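Letter by letter, the chains look like this.
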Amino acid sequence: MKRLSEFFTNLTIYRERTLLFILSVGIVTLFFFLSLSNIYTPTYNLEKYSPAPETIRAPFTVENERKTEELIREATQAVEDRYTISKNIEAERTEIISEVFSGINEVKSPTEENVSLEEDLVTLKSYLPEEVAQELPEGIFEAFLRADTKELENAESLLLTSLKSAFSEGLRSEGIEEAERTIDLKVQYSSLPDPVKQATTDLGKFALVENAFFDAERTQEARKKAAAGVDPVLIRSGEVIVTQGSTLTNEVMEELQLTGLLSDHKNGWPMLGLVLFCGLLACVVIYESLKARKRNMTMRHIGVLAVISAFTLLVMKVCSLFVTIDQPYYFLLPAAAGAMLIKLLCDERLAMVMSIVFALMACLLFNGQIAGVLNAQAGIYTLMSQLAGIIFLVHYKDRSAVVRAGAGIAFINICMITFFSFISFERYSWVEWSTFIGYGALAAFFSVVLTLGVLPLIETGFGILSDQQLLNLSNPNHPLLRKILVEAPGTYHHSVMVANLSEAACESIGANGLLARVASYYHDLGKTIRPNYFIENQMGMRNPHDFLDPAQSAEIIIAHPYDGAKLLKEKKIPKEIVAIAEQHHGTTLLKYFYYQAKHESKHVEESEYRYPGPKPQTIEAAIVNICDSVEAAVRSLDEPTEEKIKQIAHGIIENRLLDGQFEECDLTLKQLKVLEQAICETLNGIFHSRIKYPDAKTLVKEAK
């Protein structure tokens, strides 16, 4: 039997994990199909020179290589040839001019008298280099020999200055003629006599030779530098290629072809990337769902998570259909509704994690259906809006808590939109900013409306016990609570005390304090069937158990958890509360009547005096089990002191632990120690010292 029980237990765990895996993968699979249009851009069948059917944007960034090459060609062609200027040639030609004038001055020196001009010419040529003497005409020398010393100095100075100016800038073969005209003009406008002017001009033309030579290496280097400075021509992602109605020119068609908008072939890499992304998200959802199951969340809660996630994704997809690069309608997205619903119906940690998952999904869904683009702004905005809903939704006791959370969401939305405006490259205008913060406020309003509207539907459809239902059940005017108050007032007071203890103990270890409180109100509902058989209701009357044998008394007492569970089921009270009512005594031993029966007869079966169970299955049920006994025991004390309270609480917890009452729940030893301290502190606050008045009546001792 034990092996069979283990088999069915393992089978149940396997089935739950399989269902959890299917639901988690189902959420991500829905996202996969919804986001397919966001990774693939539609292609067009267009004809050249026809009007564009719509405004078409580039799906990704690509280089227009043809235009880039044109710019490089233009840049290299604009580079002028580089020349190397020879300083040696300049020095050589100016040296020739200086030698000519030195020779002339030497010949004109008055060394000998009655020397003819012909003899002076012969002497001058002997002073000059042979090639210079042969190339220069004799007329040049004759004019200079007839000039006086002052005229020679002026001619030499003018000629050397002009030559240095021409040579310093680099003189190429095609520029010699221009340089000759320049020297001619300078000489003509000088004060030299006409014969000397002509001789000076001729000598200058003789001295002008090419001194700048083409440098292929430097020219090539300059062209490479110019080519490197050309930026590539890019068609950037999201850039408008052609507006609606514009003519499809050759250039436009080329850009459409480059961006793949005219191709019928699909690229498989985006699909592979989306599969990888969805796989990672699925791992996160599965991991957190398993963690949530360990926090006592049921598969029903996981089903609720799947429904809320699907609803959120569908809302995001519908909103994304209207989003473009220029129109951020995602500011209207009521993303916080999903996060708040998950927090209210499931778990706060799970809500936080799913907020991150939804934000990552939003980055892709709101990319304007431009392949290869992730809208980080939409993702950040969605994440902050959801986190605001989770953080501001506290102390949920009525619908006003959701409304207050909506105000916090609106504030965060407006702050984020303002932040985007400040960091934007193109600042929003006042009109745009006002419009967008209006979107943020509306998103918060829609989140509140959706949360309040969808919450009852999910609670009813899935039978989820929410905080709102618990608060409604805690109303003292509830018919069942009125029944306890009227028919068993002592039990009602006891239940209220147990509720206070249970809530404090649950909150000390992070369990559901509200559930424990409300379940405590109803846990002893079964006592209303025979209220007088329970000592807290025996005011001024004799105990009926005095007239019954121990077995009959035990039967009546043991029946009350199951009578209460039956009444709760008939009134359709949530099963979590029914379970705690049924489990709040576990399989504990009814010691008083057991030992009484054993005193009367040795042949007594202990199992007949034990509650049939089941043992507490949840932490909340275990805490109610402890607090129920501790409150009754402390209430029976004549003078409860701090030490006595501590001893009773510790003794009861230790006894239940040794009796194996906590074997089927996740209560740890560390948690037992913490909740014991919380119970003692609460009881010390209730049974604090009071002044004893002289005329005080003797209190009636009550024992369970």
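Not measured: the values here are computed from a predicted model.

Undergrad: Please explain the side chain of N375 as it appears in this structure.
TA: Secondary-structure assignment places N375 in the loop between α16 (348–365) and α17 (376–392). Separated by 2.8 Å, the side chain of N375 and the backbone oxygen of F366 make a polar contact. Ignoring sequence-local partners within four residues, the contact set of N375 consists of Y330, C363, F366 and N367.

Undergrad: In this structure, what is going on with unusual backbone geometry? I would like to understand it.
TA: In most cases, non-glycine residues show a negative phi, while peptide bonds are predominantly trans. Cis geometry is adopted by the peptide bond preceding P614, which originates at G613 and carries an omega value of 10°. The residue Y49 is not glycine, and still its phi comes out positive at about 70°. By the element assignment, Y49 lies in the loop between α2 (36–39) and β1 (56–57). Located in the positive-phi region is K572, a residue other than glycine, with phi close to 55°. Its place among the elements puts K572 in the loop between α24 (550–570) and α25 (575–583). When its relative accessible area of 73% is taken as the criterion, K572 is described as exposed.

Undergrad: Which parts of the structure should I look at to understand helix α7 (residues 138–146)?
TA: Residues that lie three or four places apart on an α-helix share one face, since the helix turns once every 3.6 residues. For α7, the set of buried residues is I140, F141, A143, F144 and L145. Looking at the buried positions of α7, the neighbouring elements they touch are α4 (87–107), α5 (117–127), α8 (149–168) and α10 (194–207).

Undergrad: Can you help me understand the pattern of salt bridges in this one?
TA: Close approach of charged atoms lets side chains of opposite charge pair. In total, this model carries 19 salt bridges according to the counting rule given. R181 is paired through a salt bridge with E177; the nearest N and O atoms lie 3.3 Å apart. Of this pair, R181 and E177 both sit in helix α9 (residues 176–188), four residues apart, which is roughly one turn of the helix. On the accessibility criterion, R181 (43% relative accessible area) is partly exposed. A salt bridge links R530 to D563, with the nearest nitrogen and oxygen atoms 3.9 Å apart. Of this pair, R530 sits in the loop between α23 (513–522) and α24 while D563 is found in helix α24, placing the two residues 33 residues apart along the sequence. Given a relative accessible area of 34%, R530 falls into the partly exposed group. Members of the salt-bridge network, linked through shared partners, are R66, E70 and E254.

Undergrad: How should the packing of helix α18 (residues 399–423) against helix α19 (residues 430–462) be read in this particular structure?
TA: For any two helices packed against each other, the geometry comes down to the angle between their axes and how far apart the axes lie. Following both chains from N to C, one finds α18 and α19 inclined at 155°, their axes separated by 8 Å at the closest point. In terms of orientation, α18 and α19 fall into the roughly antiparallel class. With respect to the hand of their crossing, α18 and α19 are arranged in right-handed fashion. The segment α18 lies against α19, with R399, V402, V403, G406, I409, A410, N413, I414, I417, T418 and S421 engaging W433, F436, I437, G440, A441, A443, A444, V448, T451 and L452. Considering only residue class, the contact of α18 with α19 consists of 14 nonpolar, six polar and one charged.

Undergrad: So what exactly am I meant to see when it comes to the packing of aromatic side chains here?
TA: Each aromatic ring pair is described using two quantities: the centre-to-centre distance and the angle formed by the ring planes. In the structure shown here, the tally under the stated rule is 17 aromatic pairs. With a centroid separation of 6.3 Å and 10° between ring planes, the pair formed by F331 and F420 is classed as stacked. Of the two residues, F331 is situated in the loop between α14 (299–320) and α15 (335–345) and F420 in helix α18; the sequence distance between them amounts to 89 residues. You can call F331 buried: its relative accessible area is 0%. Accessibility expressed as a relative area gives 3% for F420, which makes it buried.

Thresholds, definitions, all that
- Residues numbered from 1 in each chain as written.
- Predicted model: local features only at pLDDT ≥ 70, side-chain atom pairs only at ≥ 80, totals over all residues.
- Heavy atoms only, no water.
- Helix = DSSP H or I, 4+ residues; strand = E, 2+ residues; numbered from the N terminus.
- Polar contact = N/O pair within 3.5 Å; in protein donor to acceptor, adjacent residues only side chain to side chain.
- Contact = heavy atoms within 4.5 Å.
- Buried < 20%, exposed > 50% of the residue type's maximum accessible area, 1.4 Å probe, protein only.
- Salt bridge = Lys/Arg side-chain N within 4 Å of Asp/Glu carboxyl O.
- Axes fitted to C-alpha atoms, helices over the stretch in contact; angles between N-to-C directions.
- Parallel < 35°, antiparallel > 145°, perpendicular 65-115°, else oblique.
- Left-handed = near helix turned anticlockwise from the far one by under 90°.
- Nonpolar A, V, L, I, M, F, W, Y, C, P; charged D, E, K, R; others polar.
- Phe/Tyr/Trp six-rings, centres within 6.5 Å; stacked < 30°, edge-to-face > 60°.

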